[in-house]
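# Coordinates in review
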Amino acid sequence: MMDQIFRLMPKLGLCGWAGGAVRRVGQVALLGLALILAGCVGEAPTQGGQPSRDVFDPTEIVALVPNQAAANRVKTGASALDFDLREEAALDALDLVMLRFTIPEGYTGQTAIAALEALDSNTTAGLNHAYRVATQTGSSRFDYVNALVAWPDGGCRAQGPVGMLDTGVDPGAARGLGGTVISEDFMRGSAARMRHGTDVASVLLDPDRVSGGQLYNAAVVGRISGGEELAGVDGIMKALDWLADENVKLVNVSLAGPYNKLLDRSVTAAVQRGMTIVAAVGNDGADGPPRYPAALDNVIAVTAVDANREIYRNAVRGAHVDIAAPGVDIPIAERGRVRFVSGTSMAVPLVTARIAADPSLFGRGAGRIRSALAQGSEDLGAPGSDPVFGSGLMRASGACR
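Report follows, based on the coordinates. Since the model is a prediction, treat every value here as computed from it, not as a measurement.

### Examining the state of the cysteines
- For the coordinates displayed, the defined rule picks out one disulfide.
- Between the sulfur atoms of Cys 156 and its disulfide partner Cys 400 the distance amounts to 2.3 Å. Where Cys 156 bonds to Cys 400 through sulfur, the torsion about that S-S bond is close to -55°, and the disulfide is left-handed. Here the residue Cys 156 occupies a position in strand E7 (residues 156-157), and Cys 400 occupies one in the segment after helix H12 (366-375), the gap between them amounting to 244 residues.
- Overall, the relative accessible area of 4% leaves Cys 156 in the buried class.
- Look at Cys 400 and you get partly exposed, because its relative accessible area is 33%.

Structure follows, in structure tokens:
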């Protein structure tokens, strides 16, 4: 009888925390608790209050736990609540286990999260949010990038391997880069077009900037039903685990999406193992919300400016913005022709390349790197750090001293 009440609570829209509490009280208190909660409404909509475009798959919920014993407890408890396990993945390099479940009928996103987190105190559960590439095509007649940031003539040698979370990289284009590309797939759905990842890699390993590097390309963006190209937080977490396992200390992320505590926890785990993540602030405009992972405190957030040092019109603003780099009308060579692309995506690899080339920065933590970039930057906008340009325009004159 009490178990039936427990199962009905989320379906009746009752508060999600009730599950753990109900399981831990006696039979008499159990009935009282169920009655007290009768006025406690559940969270809606199914996406947990997030716009549907921000969710990779609204039918599933993802959980992170610290070890296999916790995973077993959560799986057992979740099964009793009618959650179907879709996937279990050991993220050994991050010391985490990922579980992906189908959300049972009658649960909202928030009640599903609460139900799973009540099963084990060390569980982090969340929706499988979607992350999009942050670039747009455009046109121009000039290449101003290296001159604007004072990149050293002749370029620099990479100080070590660099990771990238993006689409795949075109193998043909990869042969013209200033380093080798090692790829691994973590996408859901069919393979996405490789243009975005290839563009980012072309900026990051342009032989005129950085040579001799290894680029670990984690292809996380896939084409789902309907043709949209997205990365799920589950694929991003697997990719971070792979990069950590390969001992990659610097990672470029030209993707942007909503806050997700699963992403937060996995990024924190990677950073604690010595990884520095550089990410795009996103292209949702001056009034857009903070986008992640760039808005996390332990990530270096990059915005974009044009040849006149003006902010990219679609760049997100906010106190989390750290540094600006060229990201408007960036020239990309393709099959003997040049096209131009814009977006905060294109600014990130310039900052990543700057870090990769500098022996005083490569392998250091985000705090030290952020401070060094700020000290060497050209102040733009309001004096000092501001929510539009961060500390200002990145300068690279001393990148490979």
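### Thoughts on the sheet that holds strand E12 (residues 213-219)
- The seven strands are arranged E9-E12-E8-E15-E17-E18-E19 in an open sheet whose pairing can be described as parallel. Looking along the sheet, the strands with just one partner apiece sit at the ends: strand E9 (179-185) and strand E19 (323-326). Sheet twist, expressed as the mean angle between neighbouring strand axes with direction ignored, is 25°.
- Judged from the four bridges that link them, strand E15 (residues 250-253) and strand E17 (residues 276-280) form a sheet pairing that is parallel. Directly across from Asn 252, in E17, lies its bridge partner Val 278.

### A few points about empty space enclosed by the protein
- Enumeration over the complete set of coordinates arrives at two cavities of 30 Å³ or more.
- In this structure, the second largest cavity spans a volume of roughly 30 Å³.
- If you go around the second largest cavity, the residues you meet are Leu 165, Ile 236, Leu 240, Val 253, Leu 263, Val 267, Ile 277 and Pro 293.
- Elements represented by at least two residues in the lining of the second largest cavity include exactly helix H9 (233-245) and helix H10 (261-272).

### A word on the environment of Pro 359
- Examined against the element boundaries, Pro 359 turns out to sit in the loop between helix H11 (344-357) and H12.
- Judged by its relative accessible area of 37%, Pro 359 falls in the partly exposed class.
- For the pair Pro 359 and Ala 399, spaced 40 residues apart in sequence, the C-alpha separation works out to 8.1 Å.

### Describing unusual backbone geometry
- A cis geometry characterises the amide bond from Tyr 292 onward to Pro 293, with omega recorded as 15°.
- Considering the arrangement of structural elements, one finds Pro 293 in the loop between E17 and strand E18 (300-305).
- Phi is positive for Arg 309, close to 65°, though the residue is something other than glycine.
- Take Arg 309: it is sitting in the loop between E18 and E19.
- The backbone of Asp 329 shows a phi angle near 55°, a positive value even though the residue is not glycine.
- By the element assignment, Asp 329 lies in the loop between E19 and strand E20 (330-334).

### A word on the environment of Gln 110
- Within the secondary structure, Gln 110 sits in helix H5 (residues 109-117).
- For Gln 110, a relative accessible area of 29% translates into the label partly exposed.
- Sequence separation of Gln 110 and Gly 126 is 16 residues, and the distance between their C-alpha atoms is 8.3 Å.

Calculation rules
- Residues numbered from 1 in each chain as written.
- Predicted model: local features only at pLDDT ≥ 70, side-chain atom pairs only at ≥ 80, totals over all residues.
- Heavy atoms only, no water.
- Disulfide = S-S within 2.5 Å.
- Helix = DSSP H or I, 4+ residues; strand = E, 2+ residues; numbered from the N terminus.
- Buried < 20%, exposed > 50% of the residue type's maximum accessible area, 1.4 Å probe, protein only.
- Pairing = 2+ DSSP bridges.
- Axes fitted to C-alpha atoms, helices over the stretch in contact; angles between N-to-C directions.
- 1 Å grid on protein atoms, 1.4 Å probe; cavity = no way out; pocket = protein on both sides within 12 Å on 5 of 7 lines; lining within 4 Å.
- Points joined across faces, edges and corners; volume = space filled by probe spheres on them.

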